[in-house]
Amino acid sequence: MNEARPIPTDAPALPSLRSFAGEGVALLSAVRKRGVNAEAARGFAGDGRPVLVLPGFLASDQSTTRLRRTLEAAGYAAHGWGHGINLGLSRGLFGRLNDAVLGLAEAANRPVALVGWSLGGVYARELAKVSPDAVHQVITLGSPFSGDPRHNRVWRLYELIARYPVDRPPIDVRLHEKPPVPTTALWSRRDGVIPADCARGAAGEADRTIELDCRHMDFASDRRALRAILGILAR
């Protein structure tokens, strides 16, 4: 078993254990929020662009139901990732996701917008680097793309399930490098899983960052988060 390197002492503070525990309450609330948020969609008139929504670690398309239904209500063609529960990155999974991006872009005859929640946002950024011509923009929701990949509250669980060291993934990645497409990072100081600095990134790691006031488990259901996502897509 690989021994993890010590996390640098100058790394930003982890979310408190109390904040992390609060994510359980937020998760239970989010599970009940699967219907469209008509209030969030009000005033937006999307152009029908395909939007691929990627779920977080240990989540599935069910976790992004409200987000996708709200995107549809606002005039976008929202798609789930279609791969069940997100158990971590593999070379085969990444290849299938890239094929999906290329297929959606070809079918619509226009680039796809990628919206990734937590680990899904890490996937989205890497997909945009591989197939930039097929990607219109990337929006990450509390995604740990910056700093040490072990500096969060779930890295040990990730290694246990994905079966590889979190800092040595099965494909060649440079998580902090910005994709060559417009990239917006949504982050929150109330996030109980991912430190704010890791989700907003350092200078040059995203084109734009937007602070929200929500927990990690609320990014795909909170009205303000939904409005922020729709506002970015409408730009």
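A brief structural summary. Only a predicted model underlies this, so the values are computations on that prediction, with no experimental measurement involved.

So, on to the overall build of the chain. Counting its secondary structure elements, the chain contains 8 helices and 6 strands. The order of helices and strands in the chain, counted from the N terminus, is α-α-β-α-β-α-β-α-β-α-β-α-β-α. Taking 18 Å as the expected radius of gyration for a compact globule of 235 residues, we find that the chain reaches 17 Å, a close match to that expectation. Along the longest, intermediate and shortest principal axes, the C-alpha atoms of the chain span 50 × 35 × 35 Å. Among the 235 residues that make up the chain, the fraction classed as buried is 51%. When contacts within the chain are restricted to residue pairs at least 6 apart in sequence, long-range pairs at least 24 apart make up 79% of them.

Our focus in this paragraph is the sheet that holds strand 1 (residues 50–54). Pairing is parallel across the open sheet formed by 6 strands, whose spatial order is 2-1-3-4-5-6. A single partner strand is all that each edge strand has here, and the edge strands are strand 2 (77–79) and strand 6 (208–212). On average, adjacent strands in this sheet sit at an angle of 20 degrees to one another, irrespective of strand direction. Two strands pair when backbone bridges link them, and strand 1 and strand 2 are joined in this way by 3 bridges, in the parallel orientation. Residue Val51 lies in a different strand from strand 2, and its bridge partner there is Ala78. Docked against the sheet, helix 4 (residues 91–108) engages strand 1, strand 2, strand 3 (112–117) and strand 4 (135–141), running at close to 165 degrees with respect to strand 1.

For the rest of this paragraph, the subject is the packing of helix 4 against helix 5 (residues 119–130). How two helices sit against one another is set out by the angle between their axes and by the gap between those axes. Where helix 4 meets helix 5, the axes come as close as 10 Å, and the angle between the chain directions of the two elements is 65 degrees. When the interaxial angle is binned, helix 4 and helix 5 end up roughly perpendicular. Of the two elements, helix 4 crosses helix 5, and the hand of that crossing is right-handed. Of the residues in helix 5, those in contact with Leu93, Phe94, Leu97, Asn98 and Val101 of helix 4 are Tyr123, Glu126, Leu127 and Val130. By residue class, the composition of the contact of helix 4 with helix 5 is 7 nonpolar, 1 polar and 1 charged.

The end-to-end C-alpha distance of helix 8 (residues 223–234), which contains 12 residues, comes to 16 Å, matching closely the 16 Å that a straight helix rising 1.5 Å per residue would cover. Of the residues making up helix 8, those classed as buried are Ala225, Leu226, Ala228, Ile229, Leu230, Ile232 and Leu233. Sitting at the amino-terminal end of helix 8 is Asp222, which places a side-chain oxygen 3.0 Å from the backbone nitrogen of Arg224.

Rules of the game
Residues numbered from 1 in each chain as written. Predicted model: local features only at pLDDT ≥ 70, side-chain atom pairs only at ≥ 80, totals over all residues. Heavy atoms only, no water. Helix = DSSP H or I, 4+ residues; strand = E, 2+ residues; numbered from the N terminus. Rg over C-alpha atoms; globule rule 2.2 N^0.38 Å. Buried < 20%, exposed > 50% of the residue type's maximum accessible area, 1.4 Å probe, protein only. Contact = heavy atoms within 4.5 Å. Pairing = 2+ DSSP bridges. Axes fitted to C-alpha atoms, helices over the stretch in contact; angles between N-to-C directions. Parallel < 35°, antiparallel > 145°, perpendicular 65-115°, else oblique. Left-handed = near helix turned anticlockwise from the far one by under 90°. Nonpolar A, V, L, I, M, F, W, Y, C, P; charged D, E, K, R; others polar. Expected span 1.5 Å × (residues − 1). Polar contact = N/O pair within 3.5 Å; in protein donor to acceptor, adjacent residues only side chain to side chain.

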